[in-house]
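Here is how the chains run, residue by residue.
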Amino acid sequence: MKDYRKLCLELFGTDDEAELRKIAGRLRGGRKKALSEKDIALAVELQGKGIGTKEIAKHFGVSRQTISKYLNKPLSDEYSTRLDFMFRQKVCTEIYVDFEHKKIMIVNRTNDIMKRAFGSNENPSWEDFEAFLEERCFPSSRALKKTILAKIGIDHYDPMQIVELNQGRTAEDNQYINFTKKRRLAF
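Residues numbered from 1 in each chain as written. Predicted model: local features only at pLDDT ≥ 70, side-chain atom pairs only at ≥ 80, totals over all residues. Heavy atoms only, no water.

## Topic: the state of the cysteines
By the definition in use, this model includes zero disulfides. Take Cys92: it sits in no disulfide, and the sulfur closest to it among the cysteines is that of Cys137, at 19 Å. (Disulfide = S-S within 2.5 Å.)

As structure tokens, this is what we get:
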């Protein structure tokens, strides 16, 4: 039978339960992070220059999934919806939306201002966000608006609903929007 008290003394220099708990609290379990904070900043910079996830992963010697985990942040408690403004398969702008307080936060993932949701505007207002949504669907002044709304199953002009239905796709470009909504728990 093993003498665990002797083993604790040998490994940790103490057999005092309170001291062992302190030591356990200082130790961090789990796997070491694949990328340092400096590496993450470089990965974001490379993505901003238009380098794809596959190439960034190869640069750091990790998988595409690992790079995606670092580059794609989950929704915070502050925001209920995330919109990824895409160009083909690349995220150009992450838009975090709080509908209750009418505020947004963005993270641009490209240096190409023509592909960003708000161009060179780094701190868009709620009004800028509403204008962005309206640009990604048909204008409210469009002829036969009621007919179009009836065809898509909406009873009033709501750019957010329209953009959710058509993913913000327009005929003029290769950009679209992916939506992520925080799930609400039912009690």
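## A closer look at the layout of surface pockets
In this approach, a probe sized like a water molecule rolls over the atoms, and the result shows the empty space that is left. In this structure, the largest pocket spans a volume of roughly 430 Å³. Around the largest pocket, the lining is made up of 24 residues, and of these Gly52, Thr53, Gln89, Lys90 and Val91 lie nearest the centre. Of all elements in the fold, only helix H3 (37–48), helix H4 (53–60), helix H5 (64–71), strand S1 (81–87) and strand S2 (90–98) reach the threshold of two or more residues within the lining of the largest pocket. It is H5 that contributes the most residues to the lining of the largest pocket, four residues altogether. Split by residue class, the lining of the largest pocket holds seven nonpolar, nine polar and eight charged. (1 Å grid on protein atoms, 1.4 Å probe; cavity = no way out; pocket = protein on both sides within 12 Å on 5 of 7 lines; lining within 4 Å. Points joined across faces, edges and corners; volume = space filled by probe spheres on them. Helix = DSSP H or I, 4+ residues; strand = E, 2+ residues; numbered from the N terminus. Nonpolar A, V, L, I, M, F, W, Y, C, P; charged D, E, K, R; others polar.)

## Some remarks on the sheet that holds strand S3 (residues 103–108)
Think of a sheet as strands paired side by side through backbone hydrogen bonds, with each pair either parallel or antiparallel. Pairing is antiparallel in the open sheet, where four strands are placed in the order S3-S2-S1-S4. Looking at strand neighbours, the two that pair on one side only are S3 and strand S4 (175–181), the edges of this open sheet. Recorded for the sheet is a direction-independent mean angle of 20° between the axes of neighbouring strands. In this structure, S1 lies alongside S2, joined through seven bridges in antiparallel fashion. Within S2, the residue paired with Arg82 across the bridge is Tyr96. Running at roughly 125° to S2, helix H6 (residues 126–135) makes contact with S1, S2, S3 and S4 of the sheet. Contacts between helix H8 (residues 159–166) and the sheet are confined to S1 and S4, with S4 contributing the most and set at about 105° to the helix. (Pairing = 2+ DSSP bridges. Axes fitted to C-alpha atoms, helices over the stretch in contact; angles between N-to-C directions. Contact = heavy atoms within 4.5 Å.)

## Things to note about helix H1 (residues 4–12)
Counting buried residues in H1 gives zero out of nine residues, a small share hidden from the surface. The opening residue of H1 is Asp3, an N-cap whose side-chain oxygen sits 3.3 Å from the backbone nitrogen of Arg5. Downstream of H1 by one or two residues, Gly13 has phi in the positive range, about 80°. (Buried < 20%, exposed > 50% of the residue type's maximum accessible area, 1.4 Å probe, protein only. Polar contact = N/O pair within 3.5 Å; in protein donor to acceptor, adjacent residues only side chain to side chain.)

## Topic: the nonpolar core
Ranked by size, the top nonpolar core spans 21 residues in total, and within it Leu83, Ile95, Ile104, Phe118, Phe129 and Phe132 carry the most contacts. Elements with a contribution of two residues or more to this core: S1, S2, S3, H6 and H8. Take this core: its biggest share by element is four residues, from H6. Non-local contacts of Ile104, meaning those with residues more than four positions away in its chain, are made with Tyr79, Ile95, Tyr96, Val97, Phe118, Pro124, Ser125, Trp126 and Phe129. Grouped together as the second largest cluster of nonpolar side chains are ten residues, Leu35, Ile40, Ala43 and Leu46 included. (Core = buried A, V, L, I, M, F, W, Y, C linked by side-chain atoms within 4.5 Å.)

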